[in-house]
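Fold and contact review
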Amino acid sequence: MTITATQAAGPLNVTVNETVNETVHLLPQTRQLRALHTVIRDRHADLGRFVTTSGRIIRQLIETALDLLPYEPVDVQTPVGETYHGLRPAKPICGVPVVRAGESMEHELRAVSPGVRIGKILIQRDKVTKLPRLYYSALPADIDRHSVLLLDPMLATGGTALAAVEVLLDHGVAEDDIVFVALLSAPEGIAAVHARHPNLRIVTSAIEERLNENAYMIPGIGDFGDRYFGTDVPR
C-alpha cells in the first residue's frame, strides 16, 4: 500500500493507489476546499475564523462519512399521494469523539443528525512509555448495534486512532461498522491503521506530505485542539 502527496499543485494534490481508494475516502480536492484549508493553516488566523472555517470542512467530512454507512429501503407517501422509494440508515448512528480535539466535530454531526447519540473516549500519550493510554470512555451500552463515526481531527502516527478503535472493538462494535473521520491525515498514520485494520474506512480532507522528527504533520496545521478551543499560545 502506498500513499504519496505531490507538490505539483500544492499539498492538497494527492495520489493514492486503488487499494487505498477502497478504504480511504478523500474529499474532492476542489478550489473551495483548498481555500478553506488556506484559512485554517494560516498561523495568523483568528479564533473565530478558524472555528467557522474548520466547521465548514468538518461538515463535508461528516456528510461523506454518513454516506458510507449501510442503508435500507423505505417507502414514503409524497404530498401528491404518490410513493417515493427511499432509503434510511439501517442502524442507529453513534458519534464517538476522541477527547479533546474530536469534540470540535460534534456540532457538525449534531447539525445534520440531531438525534445522534454521542460517546466519549479520552486517550493520551503516557509520559513514561510514550504509548497511547486509555484514561476514560463513556459509550452507549448498546453501541455494538450502532454504526459508529469515530471523530478525531488529526491522524498523525496512528497510535491514538488504533487505541480508540480497540476500545470500540472491545465493546462489540464490528470493524465494518466503524468509519474514522479525520480533518488531516499523515501517510504514516493511514499505513499504521491499515496495517492492523486493513478494511477500516477513513474519511479525510487532506493527506499530508509526511511527519517530521517530532511527529508533527507537514505542512500541517499546528495543534488543532489548542487552536479550535483558543488555548494555543498567541503568536
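Residues numbered from 1 in each chain as written. Predicted model: local features only at pLDDT ≥ 70, side-chain atom pairs only at ≥ 80, totals over all residues. Heavy atoms only, no water.

Let us now look at the overall build of the chain. The helix and strand inventory of the chain stands at seven helices and 15 strands. When the 235 residues of the chain are sorted by exposure, 44% land in the buried category. For the chain, long-range pairs separated by at least 24 residues make up 62% of all intrachain contacts whose partners lie at least 6 apart in sequence. Entry remark: accessible area of the chain is about 12,200 Å², with carbon and sulfur atoms responsible for 51%. (Helix = DSSP H or I, 4+ residues; strand = E, 2+ residues; numbered from the N terminus. Buried < 20%, exposed > 50% of the residue type's maximum accessible area, 1.4 Å probe, protein only. Contact = heavy atoms within 4.5 Å. Areas by Shrake-Rupley, 256 points an atom, 1.4 Å probe, with all protein chains shown as cover.)

Next up on the list: unusual backbone geometry. Cis geometry marks the peptide bond from Val99 to Arg100, where omega comes out at 5°. In this structure, Arg100 sits in the loop between β6 (93-99) and α4 (106-112). Note the cis peptide between Ile218 and Pro219, where omega equals 5°. Within the secondary structure layout, Pro219 lies in the loop between β15 (217-218) and α7 (224-229). The phi torsion at Ala215 lies on the positive side, around 65°, for a residue other than glycine. Tracing the backbone shows Ala215 in the loop between β14 (210-211) and β15. With relative accessibility at 34%, the residue Ala215 sits in the partly exposed group.

Here we take up the environment of Glu106. With respect to the helices and strands, Glu106 occurs in helix α4. Glu106 sits in the buried class, given a relative accessible area of 16%.

Counting residues in hydrophobic clusters, the biggest one holds 31 residues, and the most contacted among them are Leu149, Val181 and Leu183. Broken down by secondary-structure element, the contributors of at least two residues to this core are α2 (31-41), α3 (47-67), β10 (147-151), β12 (178-185), β13 (201-207) and α7. Residue contributions to this core peak at seven residues, all from α3. Counting residues in hydrophobic clusters, the runner-up holds 26 residues, among them Ala164, Val167, Ala182 and Val193. (Core = buried A, V, L, I, M, F, W, Y, C linked by side-chain atoms within 4.5 Å.)

Per-residue pLDDT for the chain averages 90, and the proportion of residues at 70 or more is 89%. Taken as a whole, residues 4-20 scores under 50 in pLDDT and shows 34 contacts with residues more than four places along the chain or in a different chain. (pLDDT = per-residue confidence, 0-100.)

Applying the stated criterion across every chain, the model contains eight salt bridges. In this structure, the salt-bridge partner of Glu208 is Arg41, at a minimum N-O distance of 2.7 Å. Remark: Arg41 occurs in helix α2 and Glu208 occurs in the loop between β13 and β14; sequence separation between them is 167 residues. By the burial criterion, Glu208 is buried, and Arg41 matches it. Two residues, Glu108 and Arg59, come together in a salt bridge whose shortest N-O distance is 2.8 Å. Residue Glu108 is located in helix α4, and its partner Arg59 is located in helix α3; the two are separated by 49 residues in the primary sequence. Take Glu108: its relative accessible area is 11%, and that puts it in the buried class. On the basis of relative accessibility, which here comes to 33%, the residue Arg59 falls in the partly exposed class. Within this structure, Glu103, Glu106 and Lys120 form a network of salt bridges that share partners. (Salt bridge = Lys/Arg side-chain N within 4 Å of Asp/Glu carboxyl O.)

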